[in-house]
Amino acid sequence: MALQRSRTTGIASARARRIAVGGALLLVLGAAAVFMHNAQAQTRVTNGIYTCTDDRGIRRTSDRPIVECIDRNQRVLNADGSVKRIVPPTLTAEERAEREAVERKMAEERAALNDAVRRDRNLKARFPNEPTHQRAREAALEVVRVGMRTSQQRMKELEAERRPLTEEAEFYRGRPVPARLKQQIEANETSVAAQRDLIQTQESELQRINRIYDAELDHLRKLWNGARPGSVSLVSAPAAQTDSR
């Protein structure tokens, strides 16, 4: 009998311990659930509450952006009901493309303005006054003038070469001109025509350079008089090639 009572007492004690452990586990799980719930609630409070009125006039609230109000503004509220921020409508693909195009154009315009400002500052540093600009103009023109003088000298040489050929051709008046002489005369005429075209091109280049430097000088005068860098358009002048003089 004593042994039976001892076994019964041991079983009861083990059962009591299991019940105690189970109760403690339930308490821990309950505390964890409460903690998670509070954490989620705190997150919602921190992130704010989204609210809007959809296209059917139904007022909606959520702890995240509301799909039914994707085409309209959504207010994000703080815990005290004040407005934390406004979430604008979500753009369609076409609207996003239009916005990106506008933003890209604005970025290009900003880059162009920055380039213009940098160019104007460099221009003023290079030409602080009109005499320095005039010297640069003369240097650029002189390069072409040197070429023109060379062409004109070549024209004189060709004219000198042509005179004996013409005299010799007179000897054959009324008779066939020898092929050798005919080839020499034709070569001389071709060279003369090429030099005339070159001189005409050089004269046009002089005019072009003067037009560009005139436009640049007008631009510089505005900068010298206080115009903001990048505020006026500019036609850049060519660099003077002084090394060929």
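Residues numbered from 1 in each chain as written. Predicted model: local features only at pLDDT ≥ 70, side-chain atom pairs only at ≥ 80, totals over all residues. Heavy atoms only, no water.

Describing the packing of aromatic side chains
Okay, step 1: Considering all chains together, one arrives at 1 aromatic pair under this definition.
Okay, step 2: Measuring from centroid to centroid gives 5.2 Å for Phe171 and Tyr172, while their planes differ by 90 degrees, and the two rings are edge-to-face.
Okay, step 3: If you follow Arg175 out to its NZ or CZ, it ends over the ring of Phe171, 5.1 Å from the centre. (Phe/Tyr/Trp six-rings, centres within 6.5 Å; stacked < 30°, edge-to-face > 60°. Lys NZ or Arg CZ within 6 Å of the ring centre and 35° of its normal.)

Notes on the side chain of Thr51
Okay, step 1: Its location among the elements puts Thr51 in strand β1 (residues 49-53).
Okay, step 2: A relative accessible area of 2% means that Thr51 is categorised as buried.
Okay, step 3: One polar contact links the side chain of Thr51 to the main-chain carbonyl oxygen of Arg60, over a distance of 3.3 Å. (Helix = DSSP H or I, 4+ residues; strand = E, 2+ residues; numbered from the N terminus. Buried < 20%, exposed > 50% of the residue type's maximum accessible area, 1.4 Å probe, protein only. Polar contact = N/O pair within 3.5 Å; in protein donor to acceptor, adjacent residues only side chain to side chain.)

Describing the packing of helix α3 (residues 130-171) against helix α4 (residues 179-224)
Okay, step 1: The geometry of α3 relative to α4 is characterised by a closest axis approach of 9 Å and an angle of 170 degrees between their N-to-C directions. The angle between the axes of α3 and α4 places the two elements in the roughly antiparallel class. Judged by the sense of rotation from one axis to the other, the crossing of α3 with α4 is left-handed.
Okay, step 2: Across the contact of α3 with α4, the residue classes tally to 20 nonpolar, 10 polar and 15 charged. (Axes fitted to C-alpha atoms, helices over the stretch in contact; angles between N-to-C directions. Parallel < 35°, antiparallel > 145°, perpendicular 65-115°, else oblique. Left-handed = near helix turned anticlockwise from the far one by under 90°. Nonpolar A, V, L, I, M, F, W, Y, C, P; charged D, E, K, R; others polar.)

Considerations on the sheet that holds β1
Okay, step 1: Spatial strand order, β2-β1-β3-β4: 4 strands in an open sheet with antiparallel pairing. Both edges of this open sheet fall to β2 (59-62) and β4 (83-87), since each of them pairs with a single strand only. Each strand axis lies, on average, 25 degrees off the axis of its neighbour in the sheet, ignoring direction.
Okay, step 2: In this sheet, β4 lies alongside strand β3 (residues 74-77) in antiparallel orientation, the contact comprising 4 bridges. Within the sheet, the bridge partner assigned to Arg75 lies in β4 and is Ile86. (Pairing = 2+ DSSP bridges.)

As for the pattern of salt bridges
Okay, step 1: Scanning the entire structure with this criterion turns up 16 salt bridges.
Okay, step 2: Here Glu142 ties to Arg149 by a salt bridge, and the two come within 2.6 Å at their closest N and O atoms.
Okay, step 3: With relative accessibility at 45%, the residue Arg149 sits in the partly exposed group.
Okay, step 4: For Glu157, the salt bridge is made with Arg154, and the minimal N-O distance between the two is 3.3 Å. One end of the pair is Glu157 and the other is Arg154, both in helix α3 and 3 residues apart, which spans about a single turn.
Okay, step 5: Exposure remark for Glu157: the relative accessible area of 35% places this residue in the partly exposed category. (Salt bridge = Lys/Arg side-chain N within 4 Å of Asp/Glu carboxyl O.)

Examining the environment of Ala79
Okay, step 1: Tracing the chain through its elements places Ala79 in the loop between β3 and β4.
Okay, step 2: Spatially, the C-alpha atoms of Ala79 and Ile49 are 7.8 Å apart, while their sequence positions differ by 30 residues.

Thoughts on the pairing of β3
Okay, step 1: In this sheet, β3 lies alongside β1 in antiparallel orientation, the contact comprising 3 bridges. Bridge pairing links Ile49 to Leu77 in β3.
Okay, step 2: Here β3 hands over to β4 after 5 residues, with Gly81 in that stretch at a positive phi of 90 degrees.

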